[in-house]
Amino acid sequence: MFSSFLLHTWIAATLLAIAAGSLGYFVVLRRSAFAAHALPLAAFPGGALASLLGFAPLWGLGGFAIIGVLFLRIFSLLGRRDVAMGLLLSSFLALGGLFLSLGREYAARVYGLLFGEVLGISSASLLPLALLVSVVLLLLLWQFPILLLESTQPELANAHAISSARIEWFFLLLLALVSAAAVPVVGTLLVFTLLVSPAAAAQRLSRRPYHAWALAILFAELLSWSSIALSYWSNWPRSEERRVGKECRSRW
């Protein structure tokens, strides 16, 4: 389970769980679970387009995730956030499928972007992931008290001249960065679970903000580590990555 071929998997999962647990606390606190589901889907066509054009997928994922943020904010200002979510989910997913269909590795790329390639993390991918996670954490810690106040007591935050629109932009951009980092590792369809489940459990167990925030990170780590361990020792899920893992273990 701790063989050298899994080292990159453990590192990537650990880094991603720190970012997802940290921001996931605010996803649940702000009741933005739908946005946490929509933005990874917005990033999906970016990864598909980057693969089609031969660029690093992270650039395409990040760019389209930010486009998704703009999409959400524009429709929110028009008072139709529910419409924005629906359009984002359907149109961006279809656009990603179109980009992937234009390439030669359609099935493999679809699987990798939708369900991740946690066993296929290369050493070259770890540095950008670590930098992106570091940026998210530094920005989150910088604005943590303000974000916490605006998320829990918006009237009091408004009395202190804290702009709710600016905080919403800030939060969604951080969510876009985490989504872009998570899609290559856990996949478009599974980012939501890592963002929401640990944070929701943490907030059920503690009402103290900093305590619940720390618990969210811990639960995200436990979820990531236990998933890797179960995948290694069991036959679930049966996937291309699982077969690759068996072949690698047989060689060792």
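Keep in mind the model is a prediction, meaning the values are calculated, not measured.

Thresholds applied
Residues numbered from 1 in each chain as written. Predicted model: local features only at pLDDT ≥ 70, side-chain atom pairs only at ≥ 80, totals over all residues. Heavy atoms only, no water. Helix = DSSP H or I, 4+ residues; strand = E, 2+ residues; numbered from the N terminus. Buried < 20%, exposed > 50% of the residue type's maximum accessible area, 1.4 Å probe, protein only. Contact = heavy atoms within 4.5 Å. Areas by Shrake-Rupley, 256 points an atom, 1.4 Å probe, with all protein chains shown as cover. Axes fitted to C-alpha atoms, helices over the stretch in contact; angles between N-to-C directions. Left-handed = near helix turned anticlockwise from the far one by under 90°. Nonpolar A, V, L, I, M, F, W, Y, C, P; charged D, E, K, R; others polar. Salt bridge = Lys/Arg side-chain N within 4 Å of Asp/Glu carboxyl O.

## Notes on the overall build of the chain
Counting its secondary structure elements, the chain contains 12 helices and zero strands. When burial is assessed residue by residue, the chain has 44% of its 252 residues classed as buried. Look at the contacts in the chain between residues 6 or more apart in sequence, and 75% of them connect residues 24 or more apart. Of the accessible surface of the chain, which amounts to about 12700 Å², a share of 68% is contributed by carbon and sulfur atoms.

## Side note on the packing of helix α1 (residues 7-29) against helix α10 (residues 191-205)
Viewed as axis vectors pointing N to C, α1 and α10 meet at an angle of 65°, and their least axial separation amounts to 7 Å. Seen along the crossing, α1 lies across α10 with a hand that is right-handed. Contacts between α1 and α10 involve Leu 16, Ala 20, Gly 24, Tyr 25, Val 27, Val 28 and Leu 29 on the former and, on the latter, Leu 194, Leu 195, Val 196, Ala 199, Ala 200 and Gln 203. Residue composition of the contact of α1 with α10, by class: 11 nonpolar, two polar and no charged.

## Some details on the pattern of salt bridges
Under the definition given, this model contains two salt bridges. A salt bridge links Glu 150 to Arg 30, with the nearest nitrogen and oxygen atoms 2.6 Å apart. Of this pair, Glu 150 sits in helix α7 (residues 144-152) while Arg 30 sits in the loop between α1 and α2 (33-53); the two residues are 120 residues apart in sequence, bridging distant segments of the chain. Arg 30 shares its class with Glu 150; the two are buried. Two residues, Arg 30 and Glu 168, come together in a salt bridge whose shortest N-O distance is 2.6 Å. Here Glu 168 lies in helix α9 (residues 164-186) and Arg 30 lies in the loop between α1 and α2, a separation of 138 residues in the sequence. Take Arg 30: its relative accessible area is 16%, and that puts it in the buried class.

Shape is all these values report; function is a separate question.
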